[in-house]
Amino acid sequence: MNKGIKAAILSALVWGSGQILVGRQRIKGLMIFLIQALCVGIELYTGYWIEYLMGKVPHFNLKIYGGYFTKALWGFVTLGETPGARNGDHSIVLLINGIIAILLLVLILAFYIWNIIDAYHTGKRIDETGRYISSKEYLQHVTSKFFPYLILTPIIIGILFIVVMPILFSFITAFTNYNKNHLPPANLVDWVGISNFVKLFKVPVWSSTFFSILGWNIIWAVVATFSTYFLGMFQAIIINSKYAKFKSFFRAILILPWAIPQLITLLVFKNLLNGQFGPVAQMLIDIGLTDYKIPFLSDPFIAKITIIMVNLWLGFPMFMVMIQGVLANIDTGLYEAARIDGANSLQIFRGITFPLVFKATAPLFIMNLASNFNGFGIIYFLTEGKPVNPNYHLAGDTDILISWIYKLTLNERMYDMAAVMCIILFIVVGVASFYNFKHTQSFKEV
Amino acid sequence: MKKWIKMVLVNLELIIMSIIVIVPVIWVVLSSFNTSTSLATSSLIPKDLTFNNYVELFTKTKFATWFINTFTIACLNAVVAVLLVLITAWVLSRFNFKGKKAGLMTLLILSMFPSFLSMTAIYSLFVALGLIGKPLSLVILYAIGAVPYNVWLVKGYLDGISISIDEAAYIDGSSKLNTFFKIILPMSKPIIVYCAVSQFMFPWMDYILPNLILTGEKNYTVAVGLYSLITGKENSYFTIFAAGAVVIAIPITILFLIFQRYLAQGISAGASKE
């Protein structure tokens, strides 16, 4: 039997043993073995496995006698067995601990597999060259070859727990009945399979609300993006035009909506357009345009128009600045050539300016579309999704999916249904952005 | 004659747009000097002007504490996030290793998930770690959360710095980390400024996460505090809110206007690299 396979089998049984016994890398093998000892140690120290094997535990059950890992897995699978605040199981704590333990186990498993592969390669190299590599030499080799991994490991672990774990949790919640009728610690949460998804599409009150909101969500995203994009482009062309005076002065003013913190702007507009006390509605009466206060934010249709207009106010300066940058870079020779060929201004715009500008700003356009689709801030801070629509399930006329999810989570505590919607939203936005990135230059160069 | 009409039309359009943009801004600024406190009586142009709202902002509310909280979070976030993002982007830009493309794809997908949708889990995790109610716990969330969002952008920028500069440094005996800190870092000033400023500005206006994690008025950030002033209390605190809005908006707006060149460069560099 050659040394590679021998080392691999040894390391598969006791971590690091292949490296020590076959490869003669004592320090390295010992380090690997210590990691295994640590993992097994944690499990044994926190559990009662030794007592169990010695026959001291008559009625074995994982919840009481399991170690850290087995107990966490038990919690993940059962989500608790006894409800109650005092001695009961808190299903959500169990679920999160389970996810964390599974993430750790995946890391440990990856390390275990690497240990076997490394033992195999160590043995194989000895078979081929007959030379033993010391731990010290290996360390030097490792720091140069595995440098990227060494640097990235802490960051990856951070992302794993702060970003990935919460996302996994909210995905997994979609397959449980975690809602206000099953709130731990008074109640237990259970796995319910895909019944939440079935509910969303089969139960009329859910599906009709979902599709109505989705419809407005799509209209909103498309109109919001197109309106800001084209107003921004128009404004950029106007400012760039040779007839415009005081260019930098106008530019400084027009850029303000982009510069002022958005939350403040939205709260200001919310008050400015307040149907009851707001000065705009009052002013329109005073100057005789209307004889009643226009419900800018409380009429279903007017509120939608208001949202789109406010978004236009907020959003056009970014595109204006971006498109101005592109316009400045267009080769003026192209315009002269077109003019010599007898093209008029409109033809020049359609044939030269627009294609060049759109090509340069297309990724930005699609990114903006995706972010408008999830434009929580503008909906929530302007109208909070109101006015409430009695035909909708816990939603208002101006709600988009993400603000509906927010309400379901924070006000209604329907974490399960909110999670289902999260998954759908994630797929929609994910596909759009993925398509976008695949067609941009920076991705092709990876 | 035709030129003359065009000139009038173009400049008229600019004047009208500027008025539309500037009126709400002026209204808030004037409101913050308004003598009455309620929204209903704050007409578009107030009759008397007073500094009282600014005085009350600092005496009646905990605005000063909110400001210090937010400022601390913003500064720490700018430093930590920039360091994490740059190191990650530098490794991804300069080294070839197994799983790099998959890693970049994963970061891209992660950045698409609206972060606050996972707030239940973050909340439970922070309860378990005892981090609820501590303003600094937000820095952890912001700084690590910034990595997936900014890595692509910064990597794109670093790709533009010729690798022969690195190689020359290695030949001169510079170590990898030394090359990063002494050579790459000074050369990436524009993108560092872009990341630092955007990370600095973010905590000022983020509402959802601080609202969830920071309990108790003394732990609020400015966004949560200002929002609490006008929800359901339009009639007693509106002008104080306006004063607070002005106090926050002026420095942030000036900062933005100074750095907008970097912002424009940063966004377009990341969005379309050709």
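From a predicted model like this one, the values you see are computed outputs, not experimental measurements. (Residues numbered from 1 in each chain as written. Chains lettered and ligands numbered in written order. Predicted model: local features only at pLDDT ≥ 70, side-chain atom pairs only at ≥ 80, totals over all residues.)

Participant: I keep staring at the overall build of chain A and nothing clicks. Help me out?
Facilitator: Within chain A, the secondary structure is distributed over 22 helices and zero strands. A compact globule built from 446 residues would reach a C-alpha radius of gyration of about 22 Å, whereas chain A, at 31 Å, exceeds it by more than 25%. Evaluated residue by residue, chain A yields a buried proportion of 37% over its 446 residues. Restricting to contacts in chain A with at least 6 residues of sequence separation, those with at least 24 account for 61%. (Helix = DSSP H or I, 4+ residues; strand = E, 2+ residues; numbered from the N terminus. Rg over C-alpha atoms; globule rule 2.2 N^0.38 Å. Buried ≥ 20, exposed ≤ 12 C-beta atoms within 10 Å, placed from the backbone. Contact = placed C-beta atoms within 7 Å.)

Participant: Can you help me understand the overall build of chain B in this one?
Facilitator: A tally of regular secondary structure across chain B gives twelve helices and zero strands. Secondary structure elements of chain B, listed N to C terminal, follow the sequence α-α-α-α-α-α-α-α-α-α-α-α. Within chain B, buried positions represent 42% of all 274 residues. For chain B, the share of sequence-separated contacts (at least 6 apart) that also reach a separation of at least 24 residues comes to 76%.

Participant: I'm lost on the environment of Ile208(B) in this one. Help?
Facilitator: Relative to the assigned elements, Ile208(B) resides in helix α10 (residues 208-213). Residues Ile208(B) and Leu83(B), 125 residues apart in the sequence, show an inter-C-alpha distance of 25 Å.

Participant: Just to check I follow, could you spell out the nonpolar core for this structure?
Facilitator: Taken as a class, soluble globular proteins show a tendency for nonpolar side chains to be buried jointly. Ile405(A), Ala418(A), Ala81(B), Val85(B), Val154(B), Phe241(B) and Ala245(B) are the most contacted members of the largest nonpolar core, which has 155 residues in total. If one sorts the elements of this core by residue count, helix α3 (residues 63-94) of chain B sits on top with 16 residues. Each of domain 1 (3-193) and domain 2 (198-444) of chain A gives at least three residues to this core. Once residues lying within four places of it in the same chain are set aside, the contact partners of Ala245(B) are Ile264(A), Val268(A), Val28(B) and Leu226(B). Counting residues in each nonpolar core, the second largest holds six residues, with Ala7(A), Leu10(A), Ala119(A) and Tyr120(A) among its members. (Core = buried A, V, L, I, M, F, W, Y, C linked by C-beta atoms within 7 Å. Domains from an automatic or database assignment.)

Participant: How do you make sense of helix α1 (residues 2-31) of chain B when you look at a structure like this?
Facilitator: Note on helix geometry: an α-helix contains 3.6 residues per turn, so any two residues three or four positions apart are oriented the same way. Residue and element names in this part refer to chain B. Taking 1.5 Å per residue as the helical rise, α1 with its 30 residues ought to reach 44 Å, and the 43 Å between its terminal C-alpha atoms agrees with that figure. By the largest-angle criterion, Ile22 marks the main kink of α1, which is about 30°, and a proline, Pro24, follows within four residues. Those residues of α1 not exposed but buried are Leu14, Met17, Pro24, Trp27, Val28 and Ser31. (Expected span 1.5 Å × (residues − 1). Bend = angle between axes of the 7 residues up to and from the residue.)

Participant: Would you take a moment to explain the packing of helix α1 (residues 3-13) of chain A against helix α7 (residues 91-129) of chain A for this structure?
Facilitator: How two helices pack is summed up by the angle between their axes together with the distance between the axes. All names here are of chain A. The N-to-C vectors of α1 and α7 enclose an angle of 155°; their axes lie 7 Å apart at closest approach. As summarised for this structure, α1 and α7 are arranged roughly antiparallel, according to the angle between their axes. Along this stretch, α1 crosses α7, giving a crossing that reads as right-handed. Where α1 approaches α7, its residues Lys3, Gly4, Ile5, Lys6, Ala7, Ala8, Leu10, Ser11 and Ala12 are matched on the opposing element by Asn115, Ile116, Ala119, Tyr120, Thr122, Gly123, Lys124, Ile126 and Asp127. Here the contact of α1 with α7 is built from residues that sort into nine nonpolar, five polar and four charged. (Axes fitted to C-alpha atoms, helices over the stretch in contact; angles between N-to-C directions. Parallel < 35°, antiparallel > 145°, perpendicular 65-115°, else oblique. Left-handed = near helix turned anticlockwise from the far one by under 90°. Nonpolar A, V, L, I, M, F, W, Y, C, P; charged D, E, K, R; others polar.)

Participant: Can you walk me through the environment of Asp159(B) in this structure?
Facilitator: The residue Asp159(B) is located in helix α6 (residues 135-159) in this model. Between the C-alpha atom of Asp159(B) and that of Gly145(B), which follows or precedes it by 14 residues, the distance is 23 Å.

Participant: Can you help me understand the domain arrangement of chain A in this one?
Facilitator: Put simply, an interface is often sized by how much accessible area is lost when its parts join up. All names here are of chain A. Entries for chain A in the domain assignment read domain 1 (3-193) and domain 2 (198-444). Computed over C-alpha atoms, the centres of domain 1 and domain 2 are 46 Å apart. Taken residue by residue, the interface counts ten residues in domain 1 and nine residues in domain 2. Its residues assigned to classes, the side of domain 1 that touches domain 2 shows four nonpolar, five polar and one charged.

Participant: How should I be thinking about the confidence of the model for chain B in this particular structure?
Facilitator: Note: predicted coordinates in regions of low pLDDT should not be interpreted at a detailed level. All names here are of chain B. This prediction gives chain B a mean pLDDT of 81; 87% of its residues lie at or above 70. Looking over chain B, one finds the lowest element-wise mean pLDDT in helix α12 (residues 234-271), namely 74, and the highest in α3, namely 90. This stretch, residues 270-274, has a pLDDT under 50; its non-local contacts, to residues over four places away or in other chains, come to 14 contacts. ipTM for the predicted complex: 0.81, alongside a pTM of 0.80. (pLDDT = per-residue confidence, 0-100.)

Participant: Help me out: how do you make sense of helix α20 (residues 401-410) of chain A in this one?
Facilitator: With eight of ten residues buried, α20(A) is to be regarded as a mostly interior element. Buried within α20(A) are the following residues: Leu401(A), Ile402(A), Ser403(A), Trp404(A), Ile405(A), Tyr406(A), Leu408(A) and Thr409(A).

Participant: What is the right way to read unusual backbone geometry from this model?
Facilitator: Generally, phi is negative for residues other than glycine and the peptide bonds are trans, each holding for most cases. Residues and elements named next belong to chain A. For Phe246, which is not glycine, the phi torsion reads 45° and is therefore positive. Its place among the elements puts Phe246 in the loop between α11 (204-240) and α12 (247-254). One non-glycine residue, Arg413, lies in positive phi territory at about 55°. Residue placement: Arg413 occurs in the loop between α20 and α21 (415-438). Owing to 16 C-beta atoms within 10 Å, Arg413 belongs among the partly exposed residues under this scheme.

Participant: It is not clear to me how the environment of Asn177(A) should be interpreted in this structure. Could you clarify?
Facilitator: Residue and element names in this part refer to chain A. For Asn177, the position within the fold is in the loop between α9 (147-173) and α10 (195-202). Between the C-alpha atom of Asn177 and that of Tyr415, which follows or precedes it by 238 residues, the distance is 8.1 Å. Ignoring sequence-local partners within four residues, the contact set of Asn177 consists of His182, Val189, Asp190, Val192 and Asp416.

Participant: Where do I start with the packing of α3(B) against helix α9 (residues 189-205) of chain B in this structure?
Facilitator: Residue and element names in this part refer to chain B. At a minimum axis separation of 8 Å, α3 and α9 run at an interaxial angle of 145°. The two elements α3 and α9 cross, and the hand of that crossing is right-handed. In this structure, α3 contributes Thr70, Ile73, Ala74, Asn77, Ala78, Ala81, Val82, Val85 and Leu86 to the contact, and α9 contributes Ile192, Cys195, Ala196, Gln199, Phe200, Pro203 and Trp204. When grouped by side-chain class, the residues that make up the contact of α3 with α9 number 13 nonpolar, three polar and no charged.

Participant: Even after reading the chapter, I still don't get the confidence of the model for chain A, so can you show me in this structure?
Facilitator: On average, residues of chain A score 83 in pLDDT, and 98% of them reach the 70 mark or higher. The least confident element of chain A is helix α22 (residues 441-444) of chain A, whose mean pLDDT is 52; the most confident is α11(A), at 91.

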